[in-house]
Amino acid sequence: MLPPEAASGATEPGAGITLGPIAIHCAILRPGKNAHLASGPTEVSGFAFAGDDRTVARVDVSTDGGGTWTHADLDPPENPWTWQHWRATLSLPPGEAEINGRAWDSTAAVQAESPATVWNPRGDANNAAAHLHITCHS
C-alpha cells in the first residue's frame, strides 16, 4: 500500500508497505443507493467479513450520523471464509438521511469512520464504514 502523498504511477517498487490481514468490513445491501422510501420502520440489511481467524462480533447501524447506534442481528457464518449477513429494523424519519453501518470483529477492531482516514492512491485496504444516502417520504 502506498502512502497518501505518493503520486500514482510515479513511485518506485518497495515504496509502500505490504498489506496484512483483511480488515473488518461491512456493506449495506438494502435499501439501495439513493433509494426513495416510506418513512417509518424499514429493514436495512447487508453483509460483513472479518478475515483470518477473526469473526464478526457485531454490526451497528445509525441514521443520525453516529449519534446513536442500533445493533443488527447477525446470521451465523456458513463457514469461516464467507460474508456474514446482518439486518436491523430502523425507524426512518421523513426527509433525506444517511444510513451508516460499521462492523466490529472478535479482536474489538472497528471500521474507520471516514474513507479519508484510510485513503491511499489505489484505494487498497479501504475498509471505511458504509454510508448510504436515502430519501424518505411521509
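Quick look at the structure, then. The numbers attached to residues start from 1 for each chain and follow its sequence in the written order. Side-chain atom pairs in this predicted model are given and counted only at pLDDT of 80 or more, local residue features only at pLDDT of at least 70, and totals for whole chains, interfaces and linings cover all residues. As a rule here, side-chain values come from all non-hydrogen atoms in the structure, and water together with hydrogens is ignored.

1. Some words on the overall build of the chain
Thinking step 1. Here a helix means four or more residues in a row that DSSP labels H or I, a strand means two or more in a row labelled E, and each is numbered from the N terminus. Assigned secondary structure in the chain consists of zero helices and nine strands.
Thinking step 2. Secondary structure of the chain in N-to-C order comes out as β-β-β-β-β-β-β-β-β.
Thinking step 3. Here the chain, with 138 residues, has 36% of them falling under the buried criterion.
Thinking step 4. Note on definitions: a residue-residue contact is assigned when non-hydrogen atoms from the two residues lie within 4.5 Å. Within the chain, contacts between residues at least 6 apart in sequence are counted, and of these 67% link residues at least 24 apart.
Thinking step 5. Shrake-Rupley sampling with a 1.4 Å probe provides the accessible areas, and residues are treated as covered by the protein chains on show and by no other component. In the structure as shown, the chain presents an accessible area of about 8100 Å², 54% of it carried by carbon and sulfur atoms. Only protein chains enter the calculation, and the probe is 1.4 Å; a residue is then buried if its accessible area is under 20% of its type maximum, exposed if over 50%, and partly exposed in between.

2. Side note on unusual backbone geometry
Thinking step 1. R30 connects to P31 through a cis peptide bond whose omega is 0 degrees.
Thinking step 2. Positive phi outside glycine occurs at D52, with the angle close to 50 degrees.
Thinking step 3. With respect to the secondary-structure elements, D52 resides in the loop between strand 3 (40-49) and strand 4 (56-62).
Thinking step 4. Despite not being glycine, A108 has its phi angle at roughly 75 degrees, a positive value.

3. Quick notes on the pairing of strand 4
Thinking step 1. Counting buried residues in strand 4 gives five out of seven residues, a clear majority hidden from the surface.
Thinking step 2. By definition, two strands form a pair when at least two bridges between them are found by DSSP. When strand 4 meets strand 8 (residues 95-105), the two strands line up antiparallel, connected through six bridges. If you follow V61 over to strand 8, its bridge partner there is G101.
Thinking step 3. Here strand 4 pairs with strand 5 (residues 70-71) via two bridges, running antiparallel. The residue of strand 5 that forms the bridge with V61 is T70.

4. Observations concerning the packing of aromatic side chains
Thinking step 1. Any two of the Phe, Tyr and Trp rings considered here, Trp counted by its six-membered ring, make a pair once their centres fall within 6.5 Å; the pair's planes then place it as stacked at under 30 degrees, edge-to-face at over 60, or tilted in between. Enumeration over the complete set of coordinates arrives at two aromatic pairs.
Thinking step 2. Cation over ring: R58 sits above W104, and NZ or CZ is 4.5 Å from the ring centre.
Thinking step 3. A ring is considered to have a charge above it if a Lys NZ or an Arg CZ atom is located within 6 Å of its centre and within 35 degrees of its normal. Across the ring face of W69, the terminal group of R102 is positioned such that the distance to the ring centre comes to 3.8 Å.

5. Details of the nonpolar core
Thinking step 1. Among the buried residues, those of types Ala, Val, Leu, Ile, Met, Phe, Trp, Tyr and Cys that are joined through side-chain atoms within 4.5 Å form a nonpolar core. Formed by 23 residues in total, the largest nonpolar core has its most connected members in I28, A48, V59, W86, I99 and I134.
Thinking step 2. Of all the secondary structure elements, the ones that give two or more residues to this core are strand 1 (25-30), strand 2 (35-38), strand 3, strand 4, strand 7 (84-92), strand 8 and strand 9 (130-137).
Thinking step 3. Sequence-distant contacts of I99, that is, excluding residues within four places in its chain, are made with I28, P31, V44, S62, T63, L90, A130, H131, L132 and I134.

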